[in-house]
Amino acid sequence: MNAYLGKEFVDGDSDDGAERTIRDWIGCCWCALPELLAPAGGLDQMLAAIAAGADAIYAGLGGFNARVSAHGFTDNEFARGCAVAHAHGVRVYVTLNVFVFDDELSDAVVLGAHALELGADALIVADAGLACALRAAIPGVEIHLSTQAGVHSEGAVRLAADELGVERVTTARELTVDEIAALCATGVPIEVFCHGAICIGYSGACEFSALRRGRSAMRGDCTQPCRLSYDLVDEAGQSVAAVEGDRLLCPRDYLGIAHLPELVDAGVASLKIEGRMKNPDYVFNVVRVWRRALDMLCDGAWDPDAVEELERELGRSFNRGFTDAYLRGRSGAELMSFERAINQGVRVGRLVAVGHEEVTVELDAAVAAGDTLEIRFYPGADARPDVPKRWPQVPCPVDAAAGERIVVHCKRKVDAGCEVYLIRSAGVLDQTAAVLERMRAEADAIAPVARAVEVLLFEGVAVDGGASTELVECAVPTRMVFAWQLMDADPRGELDLSDAVVVLDEVCRASDADWTRSLIQRAGRVVCRNLGQVAIARELRVAFDVAAPVFCANRATLAWLRGLGAGRVYLPAELLSNDAERIAELAAEPGVFGPVDADRPELMVCEHCLLTAEGVCATDATGQVRCRDCLRRRQARYLVERDGTRLPVAIDACGRTRIFLS
């Protein structure tokens, strides 16, 4: 709604619905709508987001952000972008959402202060030590906790607000609408993803790229192993995958627009669109569609029947297919894009006739001259080896409406009945170009005003870790067991675990709370791997240690964790594998140990059950899927990479997948 307060609010200009009239703005003033938060990988993306109606923008500046390969901004571009944003009532947040080493901490604080001087309104941070350092060095700084911190529960939200002092928390993408509502009920502003690409692994809990390819997702340099080809095999090496396609870890894109009324009712503070690597036309189109949806809701004009059209408009921008499975509490095969990891586009028709170097398409959606169409032709198992594997892409020659037939030039062999998809919209590109021409002129004409930001002397680890909680200490048992394995070994929670160190799971959602509480109470000692578990251990006044994904890469984080009451701190496997020299001093600190899973490092944990690639899940008499009783997960399974490397797979009683280093 802030976007209505700039130049377009004054003179009422309009460009394809991207700008609002005075009447529209007055109507929206009475609505408690969430902020619409848009991505920007560069100045053009920022300008496109402003023009399309974003309320806020998040962007990277410098190297301390989770998209290090994004084009980014020069200081001048960022300052001008912030000036234009503020002229339109749009806030700007800068992502410092990687985990930093001791030798980088001061530089990260300086970069945060510099971003604020250039015009940023808040900083998005994942590293607890960096958050403490920023808070100590920059009075009044506004900090939002990144999804990389792995917040899944009410306890984690409250701990982040009370002990880290963050003003907002971004939750995991895997949460349901009901879980999101419970987090909002804490009173802490909650930011949720609403649209865009999904990491199949829980954010902050994935070392796949780091341990297999030496490039860390936690440092913003993920190689995206989840988008690659794999096979799923049994102990004998026989493939058990039964789905079409080999992208067994590739999810569809998140699409929450059908759940917009529920999310607004839940009380979310911000709806976040993914895409800092995306082009300006993606940002413009996706933001304007979401803006339109929010306006419809605000004006009392929301119609569930309109959702299909909104989704179709969103499909005109890059997507891997869409899913709302997580919001509905589902995580099976419907979540996945097994066939391909690239743009899927949106269906616009099917072939009804095939002639010599031309085809006839019957449309079920409008197309425009210059659109790029893709014909989904499957050659079949008996096709000649020289038949191209890629689907033919052809230009649309004319404007046409749904229900019409058009003739399209196509030299490749295809068959009648093939579906036709639009994968590049000429209209979206043209509209974006027109908007950018105007917005660039505005950016060139505006004079950025540098802000004065007070920065106190920062001396590395000299940060206040908070008051230690009085804990009941005990000797450290030598036997170590993992909680996910106890789901099968101790389903009723009856085993005596007083002689064991219980390593809790990386995930701690509402459904995990009772089981987690039982384990913490029965364990000789417990290793927390999520802030929600830390909150429970502190509440129960039980001695606890911490391990990744409670990620510790610097001594400021170590001080904060010890201030919470943590005893031992286990370092992530990826740090010892790739950054041993940089963390030598940290690793030498008393009570700091190597990876808690050193014998078999875990690459990732997913809410998705990989075994759904073998076929439909079995159900009980009531039609419910019961993961605990699944026979498939009792059998050995391996994910096989292209080079033949076999990675062991385990599925727990909750249906979550864990992939391990071979």
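Summary of the structure given here.

1. Focus: the nonpolar core
Residues Phe78 and Trp290 are the most contacted members of the largest nonpolar core, which totals 172 residues. For this core, the element with the highest residue contribution is helix α11 (residues 280-298), accounting for eleven residues. Those residues in contact with Phe78, other than ones at most four positions away along the chain, are Met46, Ala59, Leu61, Phe73, Val92, Val94, Ala115, Leu118 and Ala120. Formed by 21 residues, the second largest nonpolar core is a distinct cluster that contains Val348, Val359, Phe377 and Ala400.

2. Section: the sheet that holds strand β22 (residues 566-570)
Reading across the sheet, the six strands line up as β18-β19-β20-β21-β22-β23 and stay open at both edges, with parallel pairing between neighbours. With partners counted over all chains shown, the strands left at the sheet margins are β18 (479-482) and β23 (592-593), one partner each. Looking at chain direction, β18 and strand β19 (residues 500-503) are connected through four bridges and run parallel. Within β19, the position partnered with Phe482 by the bridge is Val503. Across the face of the sheet, helix α17 (residues 555-564) comes into contact with β21 (544-547), β22 and β23 while running at roughly 145 degrees to β22.

3. Here we look at the pattern of salt bridges
All told, the structure shown has 52 salt bridges when counted by the stated rule. The partner of Arg91 in a salt bridge is Glu142, and the shortest N-O contact between them spans 2.8 Å. In this pair, Arg91 sits in strand β3 (residues 91-96) while Glu142 sits in the loop between α6 (128-137) and β5 (143-145), placing the two residues 51 residues apart along the sequence. In this structure, the salt-bridge partner of Glu167 is Arg135, at a minimum N-O distance of 3.5 Å. In this pair, Glu167 sits in the loop between α7 (154-163) and β6 (168-170) while Arg135 sits in helix α6, placing the two residues 32 residues apart along the sequence. Three or more residues joined by partner-sharing salt bridges are found here, namely Asp505, Glu506, Arg529, Glu602, Asp652 and Arg658.

4. Here we look at the sheet that holds strand β15 (residues 393-395)
Reading across the sheet, the six strands line up as β15-β14-β17-β12-β13-β16 and stay open at both edges, with antiparallel pairing between neighbours. The open sheet has two edge strands, β15 and β16 (405-409), and neither has a second partner. Across this sheet, the average inter-strand angle for adjacent strands is 40 degrees, counted without regard to direction. One ladder, built from five bridges, connects strand β13 (residues 358-363) with β16; its direction is antiparallel. Bridge pairing links Val361 to Ile406 in β16.

5. Some remarks on the packing of aromatic side chains
For the structure on display, the rule yields six aromatic pairs. With a centroid separation of 5.8 Å and 35 degrees between ring planes, the pair formed by Tyr570 and Phe593 is classed as tilted. You can see Tyr570 sitting in strand β22 and its partner Phe593 sitting in strand β23, a full 23 residues away along the chain. Above the face of the Tyr58 ring, Lys272 is positioned so that its terminal group lies 4.4 Å from the ring centre. Geometry around Phe660 places Arg600 over its ring, the cationic atom sitting 3.9 Å from the centre.

6. Things to note about the packing of helix α3 (residues 43-52) against α11
Following both chains from N to C, one finds α3 and α11 inclined at 20 degrees, their axes separated by 8 Å at the closest point. On the basis of the axis angle, α3 is roughly parallel to α11. Considering only the axes of α3 and α11, their crossing is right-handed. From α3, Asp44, Gln45, Ala48, Ala49 and Ala52 reach across to α11, where they touch Pro280, Val283, Phe284, Val287, Arg288 and Arg291. Grouping the amino acids of the contact of α3 with α11 by side-chain chemistry returns seven nonpolar, one polar and three charged.

7. Here's the deal with the packing of α11 against helix α12 (residues 307-314)
Packing of α11 against α12 leaves a shortest axis separation of 9 Å and a crossing angle of 165 degrees. Judged by the angle between their axes, α11 and α12 are roughly antiparallel. For α11 against α12, the interelement crossing comes out left-handed. In contact with Asn285, Val286, Val289, Trp290, Arg292, Ala293 and Met296 of α11, α12 contributes Leu310, Glu313 and Leu314. Class assignment of the residues belonging to the contact of α11 with α12 gives a composition of seven nonpolar, one polar and two charged.

8. Notes on unusual backbone geometry
Backbone geometry follows two general trends: most residues other than glycine have a negative phi, and most peptide bonds adopt the trans configuration. Note the cis peptide between Ala548 and Pro549, where omega equals 15 degrees. Inspection of the secondary structure puts Pro549 in the loop between β21 and α17. Even without glycine at this site, Gln224 takes up a positive phi of about 55 degrees. Within the fold, Gln224 resides in the loop between α9 (208-213) and β8 (231-233). Take Gln224: its relative accessible area is 41%, and that puts it in the partly exposed class.

Cut-offs applied
Sequence order as written defines the numbering, with residues in each chain counted from 1. For a predicted model such as this one, the threshold for reporting local features is a pLDDT of at least 70, and the threshold for listing and counting side-chain atom pairs is 80 or more; totals across whole chains, interfaces and linings nevertheless cover every residue. Think of the side-chain values as coming from all heavy atoms in the structure, minus any hydrogens and water. Definition of nonpolar core: a set of buried residues of the types Ala, Val, Leu, Ile, Met, Phe, Trp, Tyr and Cys, connected through side-chain atoms within 4.5 Å. Burial here depends on accessible area, computed with a 1.4 Å probe over protein chains only, as a share of the maximum for the residue type. Under 20% is buried, over 50% is exposed, and the range in between is partly exposed. Helix and strand definitions follow DSSP, with helices as H or I runs of at least four residues and strands as E runs of at least two, each counted in order from the N terminus. It only takes one pair of heavy atoms within 4.5 Å for two residues to be counted as in contact. Paired strands, in this sense, are two strands between which DSSP finds at least two bridges. For helices, the axis comes from a line fit to the C-alpha atoms of the stretch in contact; other axes are also lines fit to C-alpha atoms, and the angle between any two N-to-C directions lies between 0 and 180 degrees. Salt bridges, as used here, are contacts in which a Lys or Arg side-chain nitrogen is within 4 Å of a carboxyl oxygen on Asp or Glu. Here the aromatic set is Phe, Tyr and Trp, taking the six-membered ring for Trp, and pairing holds for ring centres within 6.5 Å; pairs whose planes are under 30 degrees apart are stacked, those over 60 apart are edge-to-face, and all others are tilted. Remark: a charge is flagged as sitting over a ring if the NZ atom of Lys or the CZ atom of Arg is within 6 Å of the ring centre and within 35 degrees of the ring normal. Angles below 35 degrees are treated as roughly parallel, those above 145 as roughly antiparallel, those between 65 and 115 as roughly perpendicular, and all remaining angles as oblique. If you view the pair so one helix is near and one far, a crossing is left-handed when the near helix is turned anticlockwise from the far one by less than a right angle, and right-handed when it is turned clockwise. When residues are sorted by character, Ala, Val, Leu, Ile, Met, Phe, Trp, Tyr, Cys and Pro go into the nonpolar class, Asp, Glu, Lys and Arg into the charged class, and all the rest, Gly among them, into the polar class.

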